[in-house]
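One letter stands for each residue in the lines below.
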Amino acid sequence: MKSRSLPLLLSALAVLLLANCSTFVAKTYQLEQIHEMYTTEWAKVEVPKPSSSPTAAQARNPFGATLQAIRNYKARYGADTREAAHLTVLEGMIHVQSGAAGMARLLEPEVLKAKDRLKSSGGVATRDYLFAECYPELVDGWSAVVGVNAGDTSVSDNDFLKAADGIRGKLARIKPEARALADVDSGGAYLATSAVIFYMWADQADRGNGPGTAALVAKSREVLAPWLSPAEIAAAKNGSSNSPGMNWGSRERYVDWYAFLLKQG
Amino acid sequence: MSLAVAIPVAISAIQALLKYRGKVDEILALKEASQEIPFHLPPAPVNFKEQRKDVLKFFASDEGRLALELRGETAEYNAFAADALGASLAMKTKYVQLYCDLSDTSPVVVGPEAEARSVKASSKMRLSYYVVASHRLSRNPALTRLLLASADTLLEVGGANAGLFLSNPKTQAVVSTLIDEFAGKRDFDDDSSEMLLKSMLRSVVVAAMEHPEVLPDRPAVSALLGALTDLREAKGDDFVASIMTMPGFQGLVGSYLTKIVEDPALMEGAGEFRPILSATLKDLGENFEKVFKDPKALFGVLEVAVTAATGQAPAILAREINGKPLMSAVLLAVLKEVETQGSQNKLFKSAANGELLSGLYQATLGAVTANAGALADEAKINVLTATLISSVAGVFAKKELSDVLSRQTLLDVAAKSLEVLSANSGALARNSAFTTALLAGVLSAGASAIEDGLSADDVAHVLDTAIVTATANLASVTIPVPLESLLTALGGQLSEKGVRSLLQPESRADVIISTLHAVSQNPKVWSQFGKADLVEPLMTAVFAGLASDPTSLLTGPVMVEAAQAVLEATARRGWALLNDKANADDLSKLIKMGLKMLDTELGQGVDARNVPTYLTSLVEAYLEEPIELASIAAKAFRDLHAETMKLI
């Protein structure tokens, strides 16, 4: 027969443990704080523009607080949980977006290791899983962009083609049943659009012996279309932003890129 | 997808989750890990192909060549220009950028036009442009999300007491109803369900924690939850969310939570009150947006509704008027009439919201339910509503009130008056025209007193007493005594400087009551006075006469007694006035002369105690046999005075 005191003891123990926590759901709270910190710092970061060197702000590591918070979280709650895996990917993407190619490459093995913990319970390839899967190519592509903007004449169209083709191939290998619905997960659309942008870099970097604009545009359409919904594709054919009543929010930029590609003939 | 388990099982699961809070944290942390967060796309390249000709043309010009020379880049540029298409992308980008800097133009960038219109909008919209959504990492079916949402909310609000809250049978019953309404009968698969559930649960927990000792076994809040669920079906989640996010909603939940339900049939599940609430909210949202969006008005009305419902038999509530529940039909009649009166009276229109509106509803509903047999049909409800509301609106239109009282004071007085009418629903129901005329008259009469500080509570007391007094004698109600004009005339006198200086505001209020007492002693004669247009002249005569008092005895309670006595005597011998044997001016003169005589005899058997009796006897004697009132020295008057003095 169960003791009546056992539930009371467990409750008391829970209360005692929780007495040391700032909230009753401490891990969740810490994660929320990290996301908030990241969003705030992200809003202040300038994406590397053409002919610009990394700014002083970027040199000072604009995501300092977020990165510190991520390290603290992993130290406190462990680095082998699924939330920690998500944070590892976020860390990598922080370095990618701030043009810190070196740091981004340094993190590559950890990001690839994190990938295994990032598929959903139902086997869906989530945003973070896809980011981790295509991480090396993202790093390659962004590094090439940063290189060109910094005046590195050794960067060629092949650097961009390698990144774009790599992403295209990996995305194509994601089985349809593992793809999330467009209105639920935008990881695939983000990566496909990144590949499109790398193809456009390749086109501009072409010195005369590349595949040609038409071929690159065709590849671009091919990589992006599967990650847009039928309604989004229809809207892109109509000119995207002109589609009445449509409010894409975070999907707008992918639809706009597809509309642009359609206009290239 | 509806819930896969019975509600009691869900409650037990939530209790278990509360017990093992660490597990809750893990599950919620995993959920947080798949929140959408912003990411930039890689920057797009400069379109060298499109701008190549412009670049080459520029640097072939004098300006361009000079710029290159100054920068020491002529040789490098020439090497680039020799085979621009074959140059590295870094060089192409460099010279496009240099060209743009020197020619003050922007580089053409490959890709769609500069970031969408949303980027130019608020920072929130800009952020939403960049976020990348993620599928959940854990498979959380609707049931799990429901349990987690409930546990999370209970922990957030209840803290260490969350478990106890759910173990308490009373609060557990409310939570069960909430889950049943918001999840058991509907899909819980969308975010709005979760948000609404959490918001409602939060309100319930806070309200329950504010009133822990008075939670009844059958709270009315179940009907509120049910009505909100019905509205989700009919009007959508946003409609319901707009109600739940109004200031004051928490208070409403608290009020419904502590209302004890006498008859469970009224409130539970298929009870009568739930469709009434649903219909009321729906009608307000569709037809009276201004009221619907005013939290004080909306929640005031809903509180009135639940108070009325818990005091009534289901048979009354179940009545329908033109297909609408009685309570809704009355409310709509009130709102329509308020709009009508508001269009004619700006001051009333600005005041007729919040507290006043719920007061009007309460008074009208009280009257209808007090006499449902006679009043529960559309035409009669409309008559009652029009009578009551035009009377209240009239308060705001009366110059003697609106000229001297602030808007807020008028509002307070009107609100208190409506409380009195609600407490006298029977009187209002039986004769609304009489009762509302009394209201208007009392307020007119009391204007100077209110201006001089008589509180709204005091006014309410006067009105309450007035109603009781006036209706105690049924004849006063049925015989057409011009009460409103009588009291208005009285008010005119009470605001005269002479009378005002003799009576504090409270005493002026007493004069109003005593006047009504006097009228109720002889309603038929006062009715005849009204027909003969004698009311105002007589009121003027009596009070002008009393105010002339040189004895300084007629102040405060003595004045009140004297006024009542003289008015009663005037009516007792009213035949003389009605048949032109005497007139109001004579009456005034008589009282003045009498008081002058008394002044000469102070200390010879005259004091405050017997002045009212003297005046009564004097007036009666005079009206019985009118004499010429030449002067106080005249023999006829002296004889009259002497006879009167024998009687005191």
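1. Some words on the overall build of chain A
The number of helices and strands found in chain A is 14 helices and 0 strands. Helices (α) and strands (β) of chain A occur, in sequence order from the N terminus, as α-α-α-α-α-α-α-α-α-α-α-α-α-α. Within chain A, buried positions represent 53% of all 265 residues. At a minimum sequence separation of 6, the contacts of chain A that also span at least 24 residues come to 70%. Total accessible area computed for chain A in this model is approximately 11800 Å², and 56% of it derives from carbon and sulfur atoms.

2. Structural notes on the overall build of chain B
A count of helical and extended segments in chain B gives 42 helices and 4 strands. Per-residue burial for chain B yields a buried fraction of 54% across its 648 residues. Expressed as a percentage of contacts within chain B between residues at least 6 apart in sequence, the contacts between residues at least 24 apart total 79%.

3. Concerning the packing of aromatic side chains
Tallying each qualifying case throughout the model produces 21 aromatic pairs over all chains. An aromatic cluster is defined as three or more aromatic residues linked by ring pairs; in this entry it consists of Phe48, Phe58, Phe59, Tyr77, Phe80, Tyr95 and Tyr99 of chain B. The cationic tip of Arg179 of chain A hangs over the ring face of Trp227 of chain A; the distance from NZ or CZ to the ring centre is 4.6 Å.

4. What about the interface of chain B and chain A?
Interface size, as often reported, equals the accessible area lost upon joining of the parts. Facing 59 residues of chain B, the contacting portion of chain A comprises 72 residues. A buried area of about 5900 Å², summed over both sides, lies between chain B and chain A, and 65% of it is on carbon and sulfur atoms. One can count 1 salt bridge joining chain B with chain A. Residue Lys49 of chain B is joined to Asp203 of chain A by a salt bridge in which the shortest nitrogen-to-oxygen separation is 2.6 Å. If you look at where chain B meets chain A, you find 23 residue pairs in polar contact (both at pLDDT 80 or more). Looking at the side of chain B that touches chain A, the elements that each hand over two or more residues are helix 2 (21-33), strand 1 (37-38), helix 3 (48-60), helix 6 (89-103), helix 7 (117-120), helix 8 (123-130) and strand 2 (131-132) of chain B. The element best represented in the side of chain B that touches chain A is helix 2 of chain B, accounting for 9 residues. The residue inventory of the side of chain B that touches chain A, partitioned by class, reads 33 nonpolar, 14 polar and 12 charged.

5. Observations concerning helix 21 (residues 326-344) of chain B
Under the 1.5 Å per step criterion, the end-to-end length of helix 21 of chain B is 28 Å for 19 residues, consistent within 8% with the ideal 27 Å. For helix 21 of chain B, a buried count of 14 out of 19 residues is recorded, marking the element as mostly surrounded by other parts of the structure.

6. Considering the packing of helix 33 (residues 483-494) of chain B against helix 37 (residues 535-547) of chain B
Residues and elements named next belong to chain B. Orientation of helix 33 relative to helix 37, taken along the N-to-C sense of each, is 30°, at an axis distance of 9 Å. Relative to helix 37, helix 33 is oriented roughly parallel. As helix 33 runs across helix 37, the sense of the crossing is right-handed. Contacts from Leu486, Ala489, Leu490 and Gln493 in helix 33 reach Val535, Glu536, Met539, Thr540, Phe543 and Ala544 in helix 37. For the contact of helix 33 with helix 37, the per-class residue count stands at 7 nonpolar, 2 polar and 1 charged.

7. Let's talk about the pattern of salt bridges
According to the stated counting rule, one finds 26 salt bridges over all chains in the structure shown. Between Asp140 of chain A and Lys162 of chain A there is a salt bridge whose closest N-O contact spans 3.8 Å. Of the two residues, Asp140 of chain A sits in helix 9 (residues 135-149) while Lys162 of chain A sits in helix 10 (residues 157-172), which places them 22 residues apart along the sequence. Residue Lys162 of chain A is classed as exposed on the basis of its relative accessible area of 59%. Taking the shortest distance from any N to any O, the salt bridge between Asp639 of chain B and Lys635 of chain B comes out at 2.7 Å. With Asp639 of chain B and Lys635 of chain B both in helix 42 (residues 635-647) and 4 residues apart, the pair spans about one turn of that helix. Ionic contacts of the salt-bridge type, sharing partners, join the residues Asp165, Arg168, Lys219 and Glu222 of chain A into one network.

8. Overview of the confidence of the model for chain A
Low pLDDT means the predicted coordinates in that region are not meant to be read closely. With 81% of its residues at a pLDDT of 70 or more, chain A has an overall mean of 83. A low-confidence stretch, residues 1-23 of chain A stays under pLDDT 50, and its non-local contacts, those more than four residues away or across chains, total 10 contacts.

9. Looking at the side chain of Lys27 of chain A
Positionally, Lys27 of chain A belongs in helix 2 (residues 26-44). By relative accessible area, which is 12% here, Lys27 of chain A ends up buried. At a separation of 3.2 Å, a polar atom in the side chain of Lys27 of chain A contacts the side chain of Glu83 of chain A. When near neighbours in sequence (up to four residues on either side) are disregarded, Lys27 of chain A contacts Tyr73, Tyr77 and Glu83 of chain A together with Asp25, Glu26 and Ala29 of chain B.

10. Quick look at helix 31 (residues 456-472) of chain B
With 17 residues, helix 31 of chain B extends 24 Å between its outermost C-alpha atoms, agreeing within 8% with the 24 Å of an ideal straight helix rising 1.5 Å per residue. Listed as buried for helix 31 of chain B are Ala456, Val459, Ala460, Val462, Leu463, Ala466, Ile467, Thr469 and Ala470 of chain B.

11. Notes on the nonpolar core
Counting residues in each nonpolar core, the largest one holds 192 residues, and the members touching the most others are Met200, Tyr256, Phe273, Phe348, Phe396, Leu438 and Leu615 of chain B. Contacts of Phe348 of chain B, omitting those with residues within four sequence positions, involve Val338, Gln341, Gly342, Leu356, Leu360, Ile389, Val392, Ala393 and Phe396 of chain B. Core analysis: the next-biggest nonpolar cluster, separate from the first, contains 86 residues, Ile197, Phe198 and Val223 of chain A together with Ala29 of chain B among them.

12. A short note on unusual backbone geometry
All names here are of chain B. Phi at Asp104 takes a positive value of approximately 55°, unusual for a residue other than glycine. Checked against the element boundaries, Asp104 lands in the loop between helix 6 and helix 7. The exposure class of Asp104 is exposed, given its relative accessible area of 71%. Not every positive phi belongs to a glycine, and Asp533 is a case in point at roughly 55°. The topology assignment puts Asp533 in the loop between helix 36 (523-531) and helix 37.

13. Looking at the packing of helix 35 (residues 505-521) of chain B against helix 38 (residues 556-572) of chain B
Residues and elements named next belong to chain B. Orientation of helix 35 relative to helix 38, taken along the N-to-C sense of each, is 20°, at an axis distance of 9 Å. In terms of their interaxial angle, helix 35 and helix 38 are classed as roughly parallel. The two elements helix 35 and helix 38 cross, and the hand of that crossing is right-handed. Between helix 35, through Ser507, Asp510, Val511, Ser514, Thr515, His517, Ala518 and Gln521, and helix 38, the contact on the second element is made entirely by Gly556, Val560, Gln564, Leu567 and Glu568. Broken down by class, the residue content of the contact of helix 35 with helix 38 amounts to 4 nonpolar, 7 polar and 2 charged.

14. Examining the confidence of the model for chain B
Of all residues in chain B, 91% have pLDDT values of 70 or greater, and the mean over the chain is 82. We note a pTM of 0.57 for the whole complex and an ipTM of 0.88 for its interfaces.

15. Here's the deal with the side chain of His86 of chain A
With respect to the element layout, His86 of chain A can be found in helix 5 (residues 82-97). The class of His86 of chain A is buried, set by a relative accessible area of 1%. With residues up to four places along the chain from it excluded, the contact list for His86 of chain A reads His35, Leu118, Arg127 and Asp128 of chain A together with Ala33 and Ile37 of chain B.

16. Some points on the environment of Leu365 of chain B
All names here are of chain B. Topologically, Leu365 is positioned in helix 23 (residues 354-370). Spatially, the C-alpha atom of Leu365 lies 8.4 Å from that of Ser422, the residues being 57 residues apart in sequence. Setting aside its immediate chain neighbours within four residues, Leu365 contacts Val304, Ala308, Met327 and Val330.

17. Focus: the environment of His40 of chain B
Its location among the elements puts His40 of chain B in the loop between strand 1 and helix 3. Sequence spacing of His40 of chain B and Tyr129 of chain B is 89 residues, and the spatial spacing of their C-alpha atoms is 9.8 Å.

What counts, and where the lines are drawn
Residues numbered from 1 in each chain as written. Chains lettered and ligands numbered in written order. Predicted model: local features only at pLDDT ≥ 70, side-chain atom pairs only at ≥ 80, totals over all residues. Heavy atoms only, no water. Helix = DSSP H or I, 4+ residues; strand = E, 2+ residues; numbered from the N terminus. Buried < 20%, exposed > 50% of the residue type's maximum accessible area, 1.4 Å probe, protein only. Contact = heavy atoms within 4.5 Å. Areas by Shrake-Rupley, 256 points an atom, 1.4 Å probe, with all protein chains shown as cover. Phe/Tyr/Trp six-rings, centres within 6.5 Å; stacked < 30°, edge-to-face > 60°. Lys NZ or Arg CZ within 6 Å of the ring centre and 35° of its normal. Buried area = accessible area lost by both parts, 1.4 Å probe. Salt bridge = Lys/Arg side-chain N within 4 Å of Asp/Glu carboxyl O. Polar contact = N/O pair within 3.5 Å; in protein donor to acceptor, adjacent residues only side chain to side chain. Nonpolar A, V, L, I, M, F, W, Y, C, P; charged D, E, K, R; others polar. Expected span 1.5 Å × (residues − 1). Axes fitted to C-alpha atoms, helices over the stretch in contact; angles between N-to-C directions. Parallel < 35°, antiparallel > 145°, perpendicular 65-115°, else oblique. Left-handed = near helix turned anticlockwise from the far one by under 90°. pLDDT = per-residue confidence, 0-100. Core = buried A, V, L, I, M, F, W, Y, C linked by side-chain atoms within 4.5 Å.

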